Amino acid sequence: MSDFDFDQLIDRSQSSSEKWLKYAGTDILPMWVADTDFVSPPAVVNALQARVAEGVFGYTATPERLNQVFIDRMQRMYGWTVNAQELVWLPGLVSGLNLATRACCEPNQSVVTATPIYPPFMSAPKLSERELIRVPMTEAHPNSLIDFTALETAITANTRLLLFCNPHNPGGAVYSPEALEQLAKIIVKHDLLVCSDEIHCDLILEPELQHTPLASLNLEIARRTITLMAPSKTWNIAGLACSVAIIQDPDLRARFARVRRGIVPSVNLLGFTAAEAAYRDGDRWNAEQLKYLKGNRDYLVEMINSIPGLSMAANQATYLAWIDATDTQLEHPQAFFEAAGVGLSDGKDFGAPGWVRLNFGCPRSRLEEAVRRMKNAIAK
Ligand SMILES: Cc1ncc(COP(=O)(O)O)c(C=O)c1O
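Only a predicted model underlies this, so the values are computations on that prediction, with no experimental measurement involved. (Residues numbered from 1 in each chain as written. Predicted model: local features only at pLDDT ≥ 70, side-chain atom pairs only at ≥ 80, totals over all residues. Heavy atoms only, no water.)

Caption draft 1: A look at the overall build of the protein. Helix and strand content of the protein: 13 helices and 13 strands. A compact globule built from 380 residues would reach a C-alpha radius of gyration of about 21 Å, and the protein, at 20 Å, matches this within 12%. Judged by the C-alpha coordinates and their principal axes, the protein covers about 60 × 55 × 40 Å. Within the protein, buried positions represent 57% of all 380 residues. In the protein, of all internal contacts separated by at least 6 residues, the share reaching a separation of at least 24 is 75%. When the accessible surface of the protein is totalled, it reaches about 16400 Å², and 52% of it is carbon and sulfur. (Helix = DSSP H or I, 4+ residues; strand = E, 2+ residues; numbered from the N terminus. Rg over C-alpha atoms; globule rule 2.2 N^0.38 Å. Buried < 20%, exposed > 50% of the residue type's maximum accessible area, 1.4 Å probe, protein only. Contact = heavy atoms within 4.5 Å. Areas by Shrake-Rupley, 256 points an atom, 1.4 Å probe, with all protein chains shown as cover.)

Caption draft 2: The arrangement of the nonpolar core in detail. Within the largest apolar cluster, 65 residues are counted, with the highest numbers of intra-cluster contacts made by W89, M229 and L358. Here this core takes nine residues from helix α11 (residues 283–304), the largest share from any one element. In this structure, C105, L163, L228 and L252 belong to the second largest nonpolar core, which totals 27 residues. (Core = buried A, V, L, I, M, F, W, Y, C linked by side-chain atoms within 4.5 Å.)

Caption draft 3: Expanded view of the site of the ligand. The environment of the ligand is formed by A34, G92, L93, V94, Y118, C165, N169, D197, I199, H200 and K233. Residue N169 places a side-chain N or O atom 2.7 Å away from an oxygen atom belonging to the ligand. Take K233: an N or O atom from its side chain is 2.9 Å from an oxygen atom of the ligand. (Near = heavy atom within 4 Å. Polar contact = N/O pair within 3.5 Å; in protein donor to acceptor, adjacent residues only side chain to side chain.)

Caption draft 4: Structural detail: the packing of helix α3 (residues 64–78) against helix α10 (residues 269–281). Closest axis-to-axis distance for the α3/α10 pair is 9 Å, and the angle between their directions is 35°. Of the two elements, α3 crosses α10, and the hand of that crossing is left-handed. When α3 is examined against α10, the residues R65, L66, V69, F70 and R73 are found in contact with a partner set consisting of F272, A275, E276, Y279 and R280. In the contact of α3 with α10, the residues fall into six nonpolar, no polar and four charged. (Axes fitted to C-alpha atoms, helices over the stretch in contact; angles between N-to-C directions. Left-handed = near helix turned anticlockwise from the far one by under 90°. Nonpolar A, V, L, I, M, F, W, Y, C, P; charged D, E, K, R; others polar.)

Caption draft 5: Representation of the pairing of strand β13 (residues 355–359) in the model. Counted residue by residue, β13 has four buried out of five residues, so it is predominantly covered. Relative to β13, strand β10 (residues 320–324) runs antiparallel, the two being bridged by five bridges. Bridging across to β13, L320 finds its partner in N359. Direction of pairing for strand β12 (residues 345–346) relative to β13: antiparallel, over a ladder of two bridges. Bridging from a neighbouring strand, D346 pairs with V356 of β13. (Pairing = 2+ DSSP bridges.)

Caption draft 6: Quick look at the environment of N305. Assignment of secondary structure puts N305 in the loop between α11 and β9 (311–312). Expressed as a C-alpha distance, the spacing of N305 and P136, which sit 169 residues apart in the sequence, is 24 Å. Sequence-distant contacts of N305, that is, excluding residues within four places in its chain, are made with L300, L310, S311 and M312. A distance of 3.0 Å separates a polar atom in the side chain of N305 from the backbone oxygen of V301.

Caption draft 7: The arrangement of the sheet that holds β12 in detail. Judged by pairing direction, the sheet is antiparallel, and its four strands sit side by side in the order β9-β10-β13-β12 without closing on themselves. Both edges of this open sheet fall to β9 and β12, since each of them pairs with a single strand only.

Caption draft 8: Fine view of the state of the cysteines. Tallied over the full model, the rule gives zero disulfides. Here C105 stays unpaired: no disulfide links it, and the sulfur of C104, its closest cysteine neighbor, is 6.8 Å away. The thiol of C195 is not disulfide-bonded; the next cysteine sulfur, from C104, is found 7.1 Å away. A relative accessible area of 0% means that C195 is categorised as buried. (Disulfide = S-S within 2.5 Å.)

Caption draft 9: Seen up close, the side chain of H200. Residue position: H200 is located in the loop between β6 (193–197) and α8 (219–222). Residue H200 is classed as buried on the basis of its relative accessible area of 3%. Excluding anything up to four places from it in sequence, H200 contacts P167, N169, K233, T318 and L320.

Caption draft 10: Structural view of the packing of aromatic side chains. Using the criterion set out here, one finds 13 aromatic pairs in the structure. Between W89 and F272, the ring centres sit 6.4 Å apart and the planes meet at 75°, which makes this aromatic pair edge-to-face. One end of the pair, W89, is in strand β2 (residues 87–90); the other, F272, is in helix α10, and 183 residues separate them in sequence. For W89, a relative accessible area of 6% corresponds to the buried category. An aromatic cluster of at least three residues, connected via ring pairs, comprises F70, W89, W235, F272 and Y279. The ring of W32 carries K22 above its face, with NZ or CZ at 4.6 Å from the centroid. (Phe/Tyr/Trp six-rings, centres within 6.5 Å; stacked < 30°, edge-to-face > 60°. Lys NZ or Arg CZ within 6 Å of the ring centre and 35° of its normal.)

So, in C-alpha cells, the structure goes:
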C-alpha cells in the first residue's frame, strides 16, 4: 500500500495545462505531451509553499545547496564525480539541445541522431542550419537501440556531434554499460562530441536495470560530452522549468556559455526550489511512482497487444508507450484515435509514421478508459 495517492483524479482543466488545454471542451483524454497527472511529492509542494510565503521574488543565483545535493546524488547513484563549476543550470532541456548544437558544430558540419526520436533532436540542427544525418534504431532489441553499424557508416568527415537519448524517447530503452562503452569508442574514433539527453534517467521501471551516465564511463568520453538532466519528468515539475547541463571540459563549457549569453535566461527561483527538494527528498515518492507506472505499463502491454493491428514492447523506462499501429492499415492512426476520444502523439513527428505514443503517467482508471476507447474504435 502506497503512502501516496496515484489514483487521485485531478481536474487540470482550469490551470492552463498545455496537455489538457489542447482538448478543452471536448471529451478527448489527453495522453500526449510528457507530463504526468500526478500531484508532486509533498516535499516539493512544501518547499514551494515555504518559498512563496517569504513573498520576495527577486533575481536569484543558483542555490549552493542545490549544487551540493546534485553533486552528492551523482556520486551516490553513479559513482560519478562532478563539481559545481561543471553544472550549468538551464530553464529547459530543449534549450540545452539547441545550445549544444550551436556550441559543438560549425555551420558546415553535421549532426547525427538515431530515429525515431523526440522531435527537438531533429529540429535543433534545422534551426541552427546544420545538416542532420538520421540513423535508424535497430529492430533486434525489443525496445530498439542505435544501430552502431549504421551509425558508423553514416558518420562523415564533417560530422561533429551526436545527439543521444538515454533512456530513449520514444520506446523507453535503457542502454547497458556495455552498449555505452561501444558507443563511446565510436565517438572517440570519429572525434565526435556528444550531447546526451538523460532527462528520463530517474524513470527506470525495471528494478534490475540501472542508469549509467555516458560521461561517467571514463575521462576521454567525459571531455566530449554535454549531459542533460532534469527533475521535471520524474517529479512532475516541467512547468517550473529547471534543468541542468553537466559539461566537464572547460573549453566546451566556455563555448556553450558563449552561445547562451544574452539569449537564454537563468532558472527561476521556484524552479530551483522545487529541484532542490525533489533531488534531496523525492526518492521515496519516486520509488512508489515507479511501482505504479510499472503496473500501468504491464496493464497496457497486455491490452494493446490484444487489440488487432496494434503492438508494443514493454518500455524499460519512461511513462511513454510506443505503439506500432502500422498493421491497422489506418492512414492516420493519431487522428483516428483522437476521433475516438484518445489524444496521442503522432509517430510521424518522431520520424515513424503509422506509430503513436501514449503517455501512461496517469491514474489507472483514466488509462483503462483510454484503452477501452481504443479497443472499441478498432473493433468498429
Ligand atoms: C528526451 C526529452 N528531452 C527533453 C524534453 C523536454 O525538456 P524541457 O521541457 O526541459 O525542454 C523531453 C520532454 O518530453 C524529452 O522527452
